[in-house]
Amino acid sequence: MHDEREARLLLAMLGRSLFERGYSVGSAGNISVRLPDGYLMTPTNSCLGRLDPERISKLAPDWSHLSGDKPTKEVFLHRAFLTARTDAGAIVHLHSTYATAIACLAVPGDDAPIPPLTPYFVMRIGRTLPVIPYYRPGDAAMEPAVHKAALTAKALLLANHGPVVSGKTLTDAVHAAEELEESAKLALLLRGVPETRRLNAAQVDELL
Ligand SMILES: O=C(O)[C@@H](O)C(=O)COP(=O)(O)O
Ligand SMILES: [Zn+2]
């Protein structure tokens, strides 16, 4: 569990790092962190590259807005994940290019839109990456579908929108989001290439 002061500073630092390396552009994406007495969330319309630690939104354990700027419009998305995955300390939602491209190609309901090409993808994301049907960003109607998928998956794709990734800590969640993006890139590079070798079931099992 994160200490609030440290979490605010880390959130601003990792947000800037994601932004500077192109994982997020403009005001796309949002991040939440579980605290002992509530949650931190990035403010709506904020740029991940320019977060002011003091203005990050704080929500109470009942998800009401306590302090800071108005939280992301995706509070329900983070709530769905944080309540389903009680071991998760943080959630990262991005519009990173390759994972979002896969989210535009994949069929909702598909649980494995990215094949197990490398061990680190399996170790960071797991066996499944469910694709949730398209909902308008900020539509609370998405919450039950996200919650159900998050019960058994560490990460998912929102169709035609982007990836959502959880981690035990904020650093873990950011690392997993980066690994997902690189794996999506590999999957698109190798799409239709007949010589592609995937990890087999035994190799995947050994990693989990
Ligand atoms: O795609 C969207 O509109 C949101 O999911 C998003 O990424 C940014 O929304 P805010 O966090 O409310 O700025
Ligand atoms: Zn979004």
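Structure report, in brief. Everything numeric in this text was worked out from a predicted model, so none of it was measured. (Residues numbered from 1 in each chain as written. Chains lettered and ligands numbered in written order. Predicted model: local features only at pLDDT ≥ 70, side-chain atom pairs only at ≥ 80, totals over all residues. Heavy atoms only, no water.)

**Side note on the packing of helix α1 (residues 4-20) against helix α6 (residues 170-189)**
Packing of α1 against α6 leaves a shortest axis separation of 10 Å and a crossing angle of 15 degrees. For the element pair α1 / α6, the angle class is roughly parallel. Along this stretch, α1 crosses α6, giving a crossing that reads as right-handed. Here α1 contributes Ala7, Leu10, Leu11, Leu14 and Leu18 to the contact with α6, which in turn contributes Leu170, Thr171, Val174 and Glu178. Broken down by class, the residue content of the contact of α1 with α6 amounts to seven nonpolar, one polar and one charged. (Axes fitted to C-alpha atoms, helices over the stretch in contact; angles between N-to-C directions. Helix = DSSP H or I, 4+ residues; strand = E, 2+ residues; numbered from the N terminus. Parallel < 35°, antiparallel > 145°, perpendicular 65-115°, else oblique. Left-handed = near helix turned anticlockwise from the far one by under 90°. Contact = heavy atoms within 4.5 Å. Nonpolar A, V, L, I, M, F, W, Y, C, P; charged D, E, K, R; others polar.)

**Here's the deal with the coordination of the zinc ion (ligand 2)**
Within the first shell, the zinc ion (ligand 2) binds the protein through His93 (NE2), His95 (NE2) and His161 (NE2), at distances of 2.1 Å. Classification of the site at the zinc ion (ligand 2) as irregular follows from its six donor atoms and the range of 71 to 169 degrees in their angles at the metal. Ordering the donors of the zinc ion (ligand 2) by residue number gives the pattern H-x1-H-x65-H. Judged by relative accessible area, His93 falls into the buried class, the value being 1%. The exposure class of His95 is partly exposed, given its relative accessible area of 36%. (Donors = N, O, S within 2.8 Å, 3.2 Å for Na, K, Ca; no water. Tetrahedral: all angles 85-135°; square planar, octahedral: opposite > 155°, others 65-115°. Buried < 20%, exposed > 50% of the residue type's maximum accessible area, 1.4 Å probe, protein only.)

**Describing unusual backbone geometry**
For Asn45, which is not a glycine, the phi torsion comes out positive at approximately 65 degrees. Inspection of the secondary structure puts Asn45 in the loop between β2 (38-41) and β3 (57-59). In this model, Trp63 sits at a positive phi of 75 degrees, which is unusual for a non-glycine residue. Within the fold, Trp63 resides in the loop between β3 and β4 (65-67).

**Points about the site of ligand 1**
For ligand 1, the set of nearby residues contains 13 residues, the closest of which are Thr44, Asn45, Thr72, Lys73 and Glu74. Between ligand 1 and Asn45, the relevant distance is 2.7 Å, taken from an oxygen atom to a main-chain nitrogen or oxygen of the residue. In this structure, Lys73 approaches ligand 1 through a side-chain N or O atom, which is 2.8 Å from an oxygen atom. Burial of ligand 1 by the protein chains amounts to 92% of its free accessible area of 350 Å². Of the residues contributing to the shell around ligand 1, the split by class is two nonpolar, nine polar and two charged. (Near = heavy atom within 4 Å. Polar contact = N/O pair within 3.5 Å; in protein donor to acceptor, adjacent residues only side chain to side chain. Areas by Shrake-Rupley, 256 points an atom, 1.4 Å probe, with all protein chains shown as cover.)

**Section: the pairing of strand β7 (residues 155-158)**
As a general feature of sheets, a regular strand has side chains that alternate between the two faces. Side-chain alternation along β7 places Ala155 and Leu157 on one buried face and Leu156 and Leu158 on a second face that is also buried. As paired elements, strand β6 (residues 131-132) and β7 share two bridges and run parallel to each other. Bridge assignment links Ile132 to a residue of β7, and that residue is Leu158. In this structure, β7 lies alongside strand β8 (residues 162-167), joined through four bridges in antiparallel fashion. (Pairing = 2+ DSSP bridges.)

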